[in-house]
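Chain and residue survey
The lines below spell out each chain.
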Amino acid sequence: MDVQTAGSAAAAFGGPAAAVAGEVPGLPIVGNLLDLKEKKPYKTFANWAETYGPIYSIKTGATSMVVINSNDIAKEAFVTRFDSISTRNLSKALKILTADKTMVAMSDYDDYHKTVKRNILTSFLGPAALKKHRAHRDTLVENLSNQLHDLAPNSHLEAVNLRKIFQSELFTLAMKQTFGRDLESIYVGDLGITMTRDEVFQILVLDPLMGAIEVDWRDFFPYLSWIPNESFEKKIKQMYVQREAVMKALIKEHKKRIDSGENLNSYIDYLISEAQPLTENQLLMSLWEPIIETADTTMVTTEWAMYELSKHPEKQARLYDEIQSVCGSEKITEEKLCKMPYLSAVFHETLRRHSPVSIIPLRHVHENTELGGYHVPSGTELAINIYGCNMEREIWENPEDWKPERFLSEKEPIDLQRTMAFGGGKRVCAGAMQAMLIACASIGRMVHEFEWRLKDDTGEDANTLGITTQKLNPILAVIKPRD
Ligand code: HEM
């Protein structure tokens, strides 16, 4: 049933005759699919909003989708109408990679979600857990600074690739939080090989980030699902099998450690010794989830922030002056972050302008509801375009400009959910505080100790990499230690 028909049906049954959202014209059978050339069509969605308004419907093959590009309507979907939109119909790739929703972030809002969310907040991301992992975060920032000092003298000859360093440090942090220590290599019994740390990183983080946006044409035509698509299935299943093998090897190693009485106060120690028992697969997915979440979005935000600061020397100088006036010759610490409003503004403006999660993984409307005054029938897929919300002209003046100053007029400290970047409501990001602490401490330290400029400005890149908005080309910077 399409949006138009459902609207009339509601009226016929005496329900509120809410209007139906505008429809982007498309072709028979394929609908708007041919216009959606990108795997993450957030820019196309935002462009359509200019013509069809902040909420409109499209057809992706046999599926009706409503797209939201406005802060107010997104809040309705996240909060007031959440009970009608609390499940997901996953794409074939996501169904495999999430082991059919066995993750906090991808599960429906059900008992399983409550259990695993409680676990991750108790031992990984909640206030007490963040305190417990403080030393690991401090080491990350210290290692980052040391590596940059080593590279700085030659950076005019060989530019610094921040992504390479930072991604690796975040992976180390994720391994310490999850298993208590970093790894150099591991014997993966199920595959019969020993893997290097880089290979493990590829399998646990990089492959799934790319796999998550793989498109199977059968996603758009469910009635044709009986037709095999072997190359697609083989590719995604291989990612699944390799990840499973590596995670099993890590779990085996650490179960042995725990059995021997060595407690490293990590997530696996908690899940095995204290939490409500999980099945083998649930344990595996619970441990894998924060690894991929820690290693990606914080890096994406930090890299975009350093890109913008390198491109805007006057803003970089303003940030440096603020850090210098608070820290002087001392190192920046997490306690000092609240005294640096400009640093906080840099973080939030980067989240707004380069929202790492550009479109919320599709939500499924499982009972008739209303959004933005429009009727949305059960069975619709809902795309909340975070990019579109954070570029909404009515809320943000000249939204394409990167301008941290826009946040400085705020009287209170900036709320973590000030932009739509972390989502909202009951499914709001559970890692927002960790992301903020790491990104702000790292950006602050990098600007306090070095002057940054881009070696070559490769521009903003028309495309981004993987499921998040990772810059297609890493920034390459020349860095000069400050006096
Ligand atoms: C700048 C960094 C980050 C951004 C922009 C971000 C963004 C988001 C967004 C938009 C959602 C909501 C998805 C939805 O509504 O379906 C989300 C959920 C989530 N995020 Fe993040 N995230 C970030 C960092 C992290 C980190 C570092 C972790 C963990 C280590 C994390 C863990 C989670 C979890 C567990 C959820 C699911 C919450 C739930 O469904 O109850 N995030 N994130």
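Model, not experiment: these values are computed from the prediction.

For the rest of this paragraph, the subject is the packing of aromatic side chains. Under the defined criterion, the tally for this structure stands at 10 aromatic pairs. Relative to Tyr 270, the ring of Tyr 267 lies with its centre 6.5 Å away and its plane at 5 degrees, an arrangement referred to as stacked. Of the two residues, Tyr 267 and Tyr 270 both sit in helix α11 (residues 267-273), three residues apart, roughly one turn of that helix. An angle of 50 degrees between the planes, with centres 5.7 Å apart, marks the rings of Trp 396 and Phe 407 as tilted. You can see Trp 396 sitting in the loop between α16 (386-390) and α17 (432-449) and its partner Phe 407 sitting in the loop between α16 and α17, a full 11 residues away along the chain. A relative accessible area of 3% places Trp 396 in the buried class. Clustering of aromatic rings is evident, with ring pairs tying together Phe 45, Trp 48, Tyr 52 and Tyr 56. Over the face of the ring belonging to Tyr 109 we find Lys 114, whose NZ or CZ atom lies 5.0 Å from the ring centre.

Around the ligand lies a shell of 28 residues, among which Arg 88, Lys 117, Arg 363, Arg 427 and Cys 429 are the nearest. A distance of 2.6 Å separates an oxygen atom of the ligand from a polar side-chain atom of Arg 363. Measuring from an oxygen atom of the ligand, one finds a side-chain N or O atom of Arg 427 at 2.7 Å. A per-class count over the shell around the ligand returns 13 nonpolar, eight polar and seven charged. Of the residues that make up the shell around the ligand, three or more belong to each of domain 1 (3-100 + 360-389) and domain 2 (111-359 + 390-481).

Judged by nonpolar contacts, the single largest core of 52 residues is most densely connected at Leu 148, Met 306, Leu 319, Ile 443 and Trp 452. Excluding anything up to four places from it in sequence, Trp 452 contacts Leu 148, Leu 162, Met 306, Ser 310, Gln 316, Met 446, Val 447, Ala 477, Val 478 and Ile 479. Counting 46 residues, the second-largest nonpolar core is a separate cluster that includes Ile 120, Met 247, Ile 258 and Tyr 267.

The domains assigned to the protein chain are domain 1 (3-100 + 360-389) and domain 2 (111-359 + 390-481). Each of domain 1 and domain 2 has a C-alpha centre, and these two points are 28 Å apart. Each partner contributes to the interface: domain 1 provides 43 residues, whereas domain 2 provides 48 residues. Of the roughly 3,600 Å² buried where domain 1 meets domain 2, counting both sides, 63% is carbon and sulfur surface. On the domain 1 side of the contact with domain 2, Lys 40, Lys 92 and Leu 97 bury the most area, a combined 20% of that side's loss. As a salt-bridge pair, Glu 50 and Arg 393 come within 3.8 Å of each other at their nearest N and O atoms. Viewed at the interface, domain 2 and domain 1 are joined by 12 residue pairs in polar contact (both at pLDDT 80 or more). If you list the elements that add at least two residues to the side of domain 1 that touches domain 2, you get α2 (42-52), α3 (71-80), α4 (92-97), β11 (381-384) and α16. Looking at the side of domain 1 that touches domain 2 residue by residue, the classes come out as 23 nonpolar, 11 polar and nine charged.

Criteria and cut-off values
Residues numbered from 1 in each chain as written. Predicted model: local features only at pLDDT ≥ 70, side-chain atom pairs only at ≥ 80, totals over all residues. Heavy atoms only, no water. Phe/Tyr/Trp six-rings, centres within 6.5 Å; stacked < 30°, edge-to-face > 60°. Helix = DSSP H or I, 4+ residues; strand = E, 2+ residues; numbered from the N terminus. Buried < 20%, exposed > 50% of the residue type's maximum accessible area, 1.4 Å probe, protein only. Lys NZ or Arg CZ within 6 Å of the ring centre and 35° of its normal. Near = heavy atom within 4 Å. Polar contact = N/O pair within 3.5 Å; in protein donor to acceptor, adjacent residues only side chain to side chain. Nonpolar A, V, L, I, M, F, W, Y, C, P; charged D, E, K, R; others polar. Domains from an automatic or database assignment. Core = buried A, V, L, I, M, F, W, Y, C linked by side-chain atoms within 4.5 Å. Contact = heavy atoms within 4.5 Å. Buried area = accessible area lost by both parts, 1.4 Å probe. Salt bridge = Lys/Arg side-chain N within 4 Å of Asp/Glu carboxyl O.

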